[in-house]
Amino acid sequence: MLTLISRADVYAPAPLGLCDVLIADGRIAAIAPHINPQGIDDYLQRIDADGAFLVPGLVDSLVHLSGGGGEGGFVSRTTPLLAEDALRAGVTTLIGALGTDDVTRCHADLLASARALCAHGLSAYALSGSYRVPLRTVTGSLRDDLVLIGDIIGVGEIAIADHRGSQPSAAELARIAADARVGGMLAGKAGTVLIHVGDGREGLALLQAVCTQFEVPIEQFLPTHINRSAALLEQGEGWTKRGGNVDLTTSSSAQLEAAGDIPAAQALAQLLARGVNINRIGMSSDAQASLPNFDSNGHLLGMDIAAISSLLAALKSAVQEHAIDLAQALQTVTKNPAGFWGLAQKGHIKVGADADLLLLDRNSLQVRTTIANGRVWQWA
């Protein structure tokens, strides 16, 4: 089946104006002001965009595909992500990770969850490791995981500045990054190291030490939750100006914001106002993670569950509440994260790229249609 989207206002994420887009075999086959295929109506699905925005499907750098949580005992374990929740939220590419719990959660289940989502048309990948150092892996070696398992594309999320982490040394973290880099090189992958940054006072100090003391490129790391506090956001600004990338978390809670969390769209606006290069910023949902509220002694007081819909909500807020240009806001949830993870076919609209697309209402930016690898879902 071929699909022709006509009269769409295309953001690739850069604006291309009104165009028709032809999809064939799950990829973008043509983009032009007017496409009129002849003699193939029996094989052609037509979608009239009627001026709606056509944008890349969202790329989510951190999702707990098989569920997360557990900090409050077994009853606090969260459920796996449902494919329909991702599709309705406009997320077509997902990077799955383990978190605190790598005892009752395992990589076999994470990979199975990723592959189940792929069967629904999504593109889902997995990370080796978890919060813990030394790493837990599938094969016993991070490098082997990257080279031998196709859908493992990096490692993480490794916890620093957090009471739930293993408190790794700079040398330990440098060794992990080196293995990820070499494994990625051998497999043709980015081998990105996703770093969970907690609310500890040391912030990014450990990452800075690794990149100062060892031959580890700064771009090998992707620190997330950088909008956890004003102080950490300021460190993140400095990190980007030394050539690093940062990830803002779009899910939060009233308790976390009261404790200092900065909403992702607001944090994005602040970073841009301070002159941070837009190419260095991504946003992710942390979906299905627990959002725990700890007291000063590390005791769990309560917990919410992160929603994958928060990624689209942050995009809307960036445009509608913080007056960020749509193309720039889109870049942080499409092109940039795809680049951080070495996913060349994702995050943009161009001939030959995977047909992961969204039709957004011009006024509300609500998802009207989701297309994932050429498969179409239309929402009321």
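Scroll up a little and you will see the structure.
Fair warning: this is a prediction, and the values are worked out from it, not measured in the lab.

**Some remarks on the environment of Gly 68**
- With respect to the helices and strands, the residue Gly 68 is situated in the loop between β6 (58–63) and α1 (83–88).
- Each C-alpha atom of the pair Gly 68 and Ala 52 lies 36 Å from the other, and the pair is 16 residues apart in sequence.
- The contact partners of Gly 68, leaving out residues within four places of it in the chain, are Ser 76, Arg 77, Thr 78, Arg 105 and Gln 288.

**Considering the packing of helix α4 (residues 170–187) against helix α5 (residues 205–213)**
- At a closest axis distance of 9 Å, the pairing of α4 and α5 adopts a crossing angle of 70°. Considering the angle they form, α4 stands roughly perpendicular to α5. The interaxial crossing formed by α4 with α5 has right-handed handedness. Side by side, α4 and α5 meet where Ala 170, Leu 173 and Ala 174 of the first sit next to Leu 206, Leu 207, Ala 209, Val 210 and Gln 213 of the second.

**Thoughts on the state of the cysteines**
- Counting across every chain of the model gives zero disulfides.
- Cys 118 takes part in no disulfide bond, and the closest cysteine sulfur, belonging to Cys 106, lies 17 Å away.
- Residue Cys 118 is classed as partly exposed on the basis of its relative accessible area, which comes to 34%.

**Structural notes on a nonpolar patch on the surface**
- A cluster of nonpolar side chains, contributed by Val 147, Leu 148 and Leu 186, occupies part of the molecular surface with about 310 Å² of accessible area.
- Assignment of secondary structure puts Leu 148 in helix α3 (residues 142–148).
- Taking the relative accessible area as the measure of exposure, Leu 148 reaches 63% and is therefore exposed.

**Regarding the pattern of salt bridges**
- Evaluation of the coordinates by the stated rule reveals 17 salt bridges.
- One salt bridge connects Arg 362 with Asp 9, and the closest N-O pair in it is separated by 2.8 Å. Here Asp 9 lies in strand β1 (residues 2–11) and Arg 362 lies in the loop between β16 (357–360) and β17 (367–372), a separation of 353 residues in the sequence.
- Residue Arg 362 is classed as partly exposed on the basis of its relative accessible area, which comes to 43%.
- Close ionic contact of Arg 46 with Asp 41 constitutes a salt bridge, the shortest N to O distance being 3.3 Å.
- Since its relative accessible area comes to 48%, Arg 46 is described here as partly exposed.
- Each of the salt bridges in this network shares a partner with another, and the network as a whole consists of Arg 27, Lys 346, Asp 354 and Asp 356.

**Considering the packing of aromatic side chains**
- Enumeration according to the criterion identifies one aromatic pair in this entry.
- Between Tyr 11 and Phe 53 the ring centres are 5.4 Å apart and the planes differ by 90°, which places this aromatic pair in the edge-to-face class. Of this pair, Tyr 11 sits in strand β1 while Phe 53 sits in strand β5 (residues 53–56); the two residues are 42 residues apart in sequence, bridging distant segments of the chain.
- A relative accessible area of 9% places Phe 53 in the buried class.

**Re helix α8 (residues 264–273)**
- Within α8 the residues assigned to the buried category are Ala 264, Ala 265, Ala 267, Leu 268 and Leu 271. For α8, the buried positions fall inside an angular range of 160° around the axis, keeping them on one side.
- Those residues of α8 that are buried lie in contact with α6 (230–241), β12 (246–249), β13 (281–284) and α9 (310–320).
- Just past α8, the residue Gly 275 takes up positive phi, approximately 90°.

Cut-off values and rules
- Counting from 1, residues in each chain are numbered in the order their sequence is written.
- At least 70 in pLDDT is required for a residue's local features to be given in this predicted model, at least 80 for side-chain atom pairs to be given and counted, and no such filter applies to totals for whole chains, interfaces and linings, which use all residues.
- The basis for every side-chain value is the complete set of non-hydrogen atoms in the structure, without hydrogens or water.
- Numbered from the N terminus, helices here are DSSP runs of H or I no shorter than four residues, and strands are runs of E no shorter than two.
- Should any heavy atoms of two residues lie within 4.5 Å, those residues are considered in contact.
- To define axes, lines are fitted to C-alpha atoms, for helices over the stretch in contact only, and angles between the resulting N-to-C directions are given on a 0 to 180 degree scale.
- Orientation is classified from the angle alone, with under 35 degrees giving roughly parallel, over 145 giving roughly antiparallel, 65 to 115 giving roughly perpendicular, and any other angle giving oblique.
- Left-handed describes a crossing whose near helix is turned anticlockwise from the far helix by less than a right angle; the clockwise case is right-handed.
- Disulfide: a pair of cysteine sulfur atoms within 2.5 Å of each other.
- When a residue's accessible area, from a 1.4 Å probe over protein chains only, is under 20% of the maximum for its type it is buried; when over 50% it is exposed; and in between it is partly exposed.
- Patch criteria: residues need more than 30% relative accessible area and no salt bridge. Like-charged residues are merged within 9 Å; nonpolar side chains of Val, Leu, Ile, Met, Phe, Trp and Tyr are merged within 5 Å.
- Here, Shrake-Rupley sampling with a 1.4 Å probe gives the accessible areas, and only protein chains in the shown set may cover a residue.
- Note on definitions: salt bridges are taken to be side-chain nitrogens of Lys or Arg within 4 Å of carboxyl oxygens of Asp or Glu.
- Working definition: a ring pair exists when centres of Phe, Tyr or Trp rings (six-membered ring for Trp) sit within 6.5 Å. Plane angles under 30 degrees give stacked, over 60 give edge-to-face, the rest tilted.
- Note that the arc is defined by the directions from the helix axis to the C-beta atoms.

Any functional reading would require information beyond the geometric quantities listed.
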